Amino acid sequence: MKTETKNIIAMITIFLLILIAVLVPFIFNKIFDGRMEQQIRYIADGKYDIVSSEEKSVMKRMEEIAASGIETGKVFTRIPIYMNDVLFNRIIKEYREWRKLINKNIDIFGGDVYLSRDITIYDNVSLYWDYASDVSFYVCRTVAGEYKKKQKYIITMFIDKETYKILYMQLDNEDLSKRIMEFWQEKDKNKYNQYKLGQDKEKNIDVFLKNYYHIPEEEFKREKNDIYIAKIFKKLEWDIWETPTAGIGIGIRAVDYVTDDDYYDDDSVMWIN
């Protein structure tokens, strides 16, 4: 066979190999995609919405807490937690949302409340956990300034472990405690009426709660008695009230009842990453 003929055959062979290398994957993909297409069911109108994981988890979590039946006397395991930057940043983010609500709307017991933007963690955080219902939340004590009156508030926050939403917050300082003690000494049976927030501020709190906890309209109902009470997710009561320790309690009051310091285990220490 002549050299020229051999070269032509070699070139044709190389061309065919290149063609096969290109066509085989293409043909394979077409066959594979065709089979997969037969197994896919398309949405009729070709359009759907994706709910963010945060929004879905907040609403689901609040429903779980409502269904758990938190009540007086329920025993939670307490675990001390070392504070770190990640946990602190999540806590202060939620605190600042509540701070705006409080500064604009809470003026009861003879004075308003004005909290600073920044807080100082007073001590390490405790994790309270009910294994049966899987309800768990952090409890931490913080200190916030009050620039108008040059004083400080000790703030205790109860923060859901899953969503980091604040479930309950207690505010306390010497001046506030004094005013609440005076309130308790009043003999008037209708004394709560003089500390009503007013329609505008009640509406502001309504909007805040619905947005903050992602509450559907049918799961929200405001009561007409006391300073402010709203039923959220049917079984949860969110309100503003004077606490037994002479501070102001704001949030889901039942959460405060389950933190019993007698259940403390010094050996149970964990890190939050």
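Residues numbered from 1 in each chain as written. Predicted model: local features only at pLDDT ≥ 70, side-chain atom pairs only at ≥ 80, totals over all residues. Heavy atoms only, no water.

Let's talk about the overall build of the protein
In step 1: A count of helical and extended segments in the protein gives six helices and 13 strands.
In step 2: Buried residues in the protein amount to 40% of all 273 residues.
In step 3: Residue pairs in contact within the protein that sit at least 24 positions apart in sequence constitute 61% of those at least 6 positions apart.
In step 4: If you sum the accessible surface of the protein, you get close to 16900 Å²; carbon and sulfur atoms cover 53% of it. (Helix = DSSP H or I, 4+ residues; strand = E, 2+ residues; numbered from the N terminus. Buried < 20%, exposed > 50% of the residue type's maximum accessible area, 1.4 Å probe, protein only. Contact = heavy atoms within 4.5 Å. Areas by Shrake-Rupley, 256 points an atom, 1.4 Å probe, with all protein chains shown as cover.)

Things to note about the environment of W238
In step 1: Of note, W238 is situated in strand β11 (residues 236-242).
In step 2: Counting along the chain gives 71 residues from W238 to L167, while the straight-line C-alpha distance between them is 8.8 Å.
In step 3: If sequence neighbours within four positions are ignored, W238 has contacts with W98, L101, I205, L209, Y213, Y228, I229, A230, I232, I250, G251 and I252.

Looking at the side chain of E219
In step 1: Mapped onto the fold, E219 is located in the loop between α5 (199-213) and β9 (220-223).
In step 2: Despite its burial, E219 remains without a salt bridge, the nearest opposite charge being carried by K234 at 4.6 Å.
In step 3: Ignoring sequence-local partners within four residues, the contact set of E219 consists of K231, I232, F233 and K234. (Lys, Arg positive; Asp, Glu negative; His and termini not counted. Salt bridge = Lys/Arg side-chain N within 4 Å of Asp/Glu carboxyl O.)

Notes on unusual backbone geometry
Negative phi is the rule for most residues except glycine; trans is the rule for most peptide bonds.
In step 1: Although it is not a glycine, F233 sits at a positive phi angle of roughly 50°.
In step 2: You can see F233 is positioned in the loop between β10 (228-232) and β11.
In step 3: Of note in this structure, K234 is not a glycine but carries a positive phi near 65°.

Quick word on the pairing of strand β7 (residues 151-160)
In step 1: With eight of ten residues buried, β7 lies mostly within the body of the structure.
In step 2: Taken together, the ten bridges between strand β6 (residues 135-146) and β7 define a ladder with antiparallel strand orientation. In the strand pairing of β7, V143 is matched with I154.
In step 3: Judged from the six bridges that link them, β7 and strand β8 (residues 166-172) form a sheet pairing that is antiparallel. Counted as the bridge partner of I155 is L171 from β8.
In step 4: Hairpin connection between β7 and β8: a loop of five residues separates the two successive antiparallel strands, and Y164 in this loop has a positive phi of roughly 65°. (Pairing = 2+ DSSP bridges.)

Brief notes about the pattern of salt bridges
In step 1: In this structure the tally under the stated criterion is 13 salt bridges.
In step 2: The partner of R222 in a salt bridge is D206, and the shortest N-O contact between them spans 2.8 Å. With R222 in strand β9 and D206 in helix α5, the pair connects residues that are 16 residues apart, well separated along the chain.
In step 3: Two residues, D239 and R253, come together in a salt bridge whose shortest N-O distance is 2.3 Å. Of this pair, D239 sits in strand β11 while R253 sits in helix α6 (residues 253-256), placing them 14 residues apart in sequence.
In step 4: Connected through salt bridges with shared partners, the residues K93, E94, E97 and K165 form a single ionic network.

Overview of the packing of helix α3 (residues 85-105) against α5
In step 1: Axis separation between α3 and α5 bottoms out at 10 Å; the angle between their running directions is 170°. Judged by the inter-axis angle, α3 sits roughly antiparallel to α5. Between α3 and α5 lies a crossing whose hand is left-handed. Of α5, the residues touching α3 (which contributes E94, E97, W98, L101, K104 and N105) are K201, N204, I205, F208, Y212 and Y213.
In step 2: By residue class, the composition of the contact of α3 with α5 is six nonpolar, two polar and four charged. (Axes fitted to C-alpha atoms, helices over the stretch in contact; angles between N-to-C directions. Parallel < 35°, antiparallel > 145°, perpendicular 65-115°, else oblique. Left-handed = near helix turned anticlockwise from the far one by under 90°. Nonpolar A, V, L, I, M, F, W, Y, C, P; charged D, E, K, R; others polar.)

Brief notes about α5
In step 1: Between its first and last C-alpha atoms α5 spans 21 Å; for 15 residues at 1.5 Å apiece the expected length is 21 Å, and the two agree.
In step 2: Looking at α5, one finds that the buried residues are E202, I205, D206, F208, L209, Y212 and Y213. Seen from one end, α5 has its buried residues packed into an arc of 170°, which puts them on one side. Along α5, exposed side chains directed more than 90 degrees from the buried face belong to Q199, D200 and N211.
In step 3: Positive backbone phi, approximately 60°, marks H214, located one or two places after α5. (Expected span 1.5 Å × (residues − 1). Arc of directions from axis to C-beta.)

As for the packing of aromatic side chains
In step 1: Inspection of the entire model under this criterion finds twelve aromatic pairs.
In step 2: Ring geometry for Y128 versus F137: centroids 6.0 Å apart, planes at 20°, classification stacked.
In step 3: Centre to centre, the rings of F208 and Y212 are 5.1 Å apart; their planes meet at 15°, and the pair counts as stacked. Pair noted here: F208 and Y212 are both in helix α5, with a separation of four residues, about one helical turn. Grouping residues by exposure puts F208 and Y212 together as buried.
In step 4: Aromatic rings pair up to connect W98, F208, Y212, Y213, Y228 and W238 into one cluster.
In step 5: Its guanidinium or amino end placed over the ring of Y212, K165 lies 4.2 Å from that ring's centre, counting from NZ or CZ.
In step 6: Positioned above the aromatic ring of W241 is the side chain of R253, whose terminal nitrogen or guanidinium carbon lies 3.8 Å from the ring centre. (Phe/Tyr/Trp six-rings, centres within 6.5 Å; stacked < 30°, edge-to-face > 60°. Lys NZ or Arg CZ within 6 Å of the ring centre and 35° of its normal.)

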